[in-house]
Amino acid sequence: MAENNQNAATGNTPVKPKPAAPGAAKPAAPGAAKPAAPAAAKPAAPVAAKAQPSTSTGGGVYKPPVDRPDPNPYKDSRLSPLGSWFQERFYVMMPVIDYLKKKEVPQHRLSFWYYFGGLTLFFFIIQIVTGLLLLQYYKPTAAEAFASFVFIQQEVPFGWLIRQVHAWSANLMVMMAFIHMFSTFFMKSYRKPRELMWVSGFVLLVLSLGFGFTGYLLPWNELAFFATQVGTEVPKVAPGGAFLVGILRGGEEVGPETLTRMFSLHVVLLPGLLMLVLSAHLLLVQVLGTSAPIGYKESGMIKGYEKFFPTFLAKDAIGWIIGFGLLVYLAVVFPWEIGVKAEALTAAPVGIKPEWYFWAQFQLLKDLTFEGGELVAIALLTVGAIVWILVPFIDRQASSEQKSPLFTIFGLLVLAFLLINTYRVYAEYGW
Ligand code: HEM
């Protein structure tokens, strides 16, 4: 990849490696591999290195050339001794770094929307940091969870702030992910060759919602307890749903085992999966670069290009600083309540509802009250999600750089469904 980028950037044609003479394991003579002066010949080095047969076994097996004539073909006199030390060891990364240095982002009137991916990432980083701090005092058992939350909130220095920031950042992360998803949808950023950015992004959203769902129960308060009871009841009507619910609850009902399951999902499985998928998503962002809306290039609507490093990233950082300010403001001025400790035997309080990002689905379930309505709602939501994730593959017009108004209308309908239903739950139950 790196070499391709390098060649693409410089217009070099990759040199075909010469077949190795039988038994020839050593790199070619120094003269053949020695790079020219750094500025002019940087790209030439990997090509030359590639031309050297690097395997004694043949058959295309890559073997790092330990005996290479020049330990660092990219030697750069401007680097500090420490920089050179690392460069010598990671020299294969140089074409990638070179590519990233050259990467540019188009500027146009919708550029603003490209900051929401970075903001989502920022709130996720805040989640990791504050989550790790909360873990130092949180006790994931039904007997101690609630008390440990009270302790964090009242006794641990700045514990209240960390908890509030964690709770608010979770909400902001999901909100930013939604804004990011719809903005990339309406700009048709999912079109070829960015299909996998869309698919991996959607998986990230599902994982983020999973974080919200599993985290909700952790304080072990009444509201969360009964909301989890209701929430985990829903899939039971679908085929195989009861099995899934059994795994989630760790038994017939929501109980201490459910807390253990939710805790392990929240702090081990989901973060691991999210980081894996996020790495793929961000790698694709780097490799494929940032898209521009359909027709912008042709009609001269691109005002110019700016460097990703450092210009775009510096602007991203301004967004992060604003996001951080908002986060601290919300945490201090609008703190989340702890509520009362969950007791399985007490009656469910009135007005049980999930977190706001599940309200649209919750309202749909409430609307379809006829016999089998829940199953219909689950089927509709599942089919909807499958179509949504497959949009890049269905919208052939966008992939051939033509406007696709039908998909814009589809996106508007999905957005309207989410907003209207969310508002209806708010109007009925309040915040
Ligand atoms: C944890 C959640 C997510 C994080 C941290 C994240 C991060 C990012 C970042 C930093 C970018 C580059 C800057 C930008 O274009 O905004 C990006 C691009 C992109 N993301 Fe996400 N993303 C997330 C979720 C999603 C979701 C839910 C979708 C859609 C279903 C999505 C689809 C895309 C697409 C298509 C691009 C390419 C934009 C373009 O080049 O025009 N992402 N993402």
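Model, not experiment: these values are computed from the prediction.

Caption draft 1: Just the overall build of the protein chain, in detail. Across its full length, the protein chain carries 18 helices and 2 strands. Across the protein chain, contacts joining residues at least 24 apart in sequence account for 76% of those joining residues at least 6 apart.

Caption draft 2: How the structure looks around the site of the ligand. Within the structure, the ligand sits among 26 residues, and G117, S189, G201, L205 and S291 are positioned closest to it. Broken down by element, the residue count for the shell around the ligand peaks at 7 residues, all from helix α10 (residues 195-216). Here the shell around the ligand is composed, by residue class, of 14 nonpolar, 11 polar and 1 charged.

Caption draft 3: Just the environment of V414, in detail. Here V414 lies in helix α18 (residues 405-429). The spacing of V414 and G384 is 30 residues in sequence and 8.9 Å in space, taken between C-alpha atoms.

Caption draft 4: The UniProt feature "transmembrane region" (unreviewed entry) in the protein chain, seen in detail. The UniProt feature table records "transmembrane region" (unreviewed entry) at residues 112-138, 165-186, 198-218, 268-296, 317-336, 375-394 and 406-426. Between the first and last C-alpha atoms of residues 112-138 the distance is 39 Å; the span itself is 78% helix and 0% strand. Between the end C-alpha atoms of residues 406-426 there is a gap of 30 Å, over a span that is 100% helix and 0% strand.

Caption draft 5: Spatial organisation of the packing of helix α15 (residues 359-367) against helix α16 (residues 373-394). Running from N to C, α15 and α16 cross one another at 145 degrees; their axes reach a closest spacing of 8 Å. As for how α15 packs across α16, the hand of that crossing is right-handed. Residue-level inspection shows Q361, L364 and L365 of α15 in contact with α16, the latter providing E374, A377 and L381. Along the lines of polarity and charge, the residues of the contact of α15 with α16 split into 4 nonpolar, 1 polar and 1 charged.

Caption draft 6: Representation of unusual backbone geometry. Residue K192 is joined to P193 through a cis peptide bond whose omega torsion reads 5 degrees. Positive phi is not limited to glycine here, since E401 has a value of about 60 degrees. When you line up the elements, E401 lands in the loop between α17 (396-399) and α18. For E401, a count of 13 C-beta atoms within 10 Å puts it in the partly exposed group.

Parameters at a glance
- Residues numbered from 1 in each chain as written.
- Predicted model: local features only at pLDDT ≥ 70, side-chain atom pairs only at ≥ 80, totals over all residues.
- Helix = DSSP H or I, 4+ residues; strand = E, 2+ residues; numbered from the N terminus.
- Contact = placed C-beta atoms within 7 Å.
- Near = placed C-beta within 6 Å.
- Nonpolar A, V, L, I, M, F, W, Y, C, P; charged D, E, K, R; others polar.
- UniProt positions renumbered as here; feature names shortened; annotations may be inferred.
- Axes fitted to C-alpha atoms, helices over the stretch in contact; angles between N-to-C directions.
- Left-handed = near helix turned anticlockwise from the far one by under 90°.
- Buried ≥ 20, exposed ≤ 12 C-beta atoms within 10 Å, placed from the backbone.

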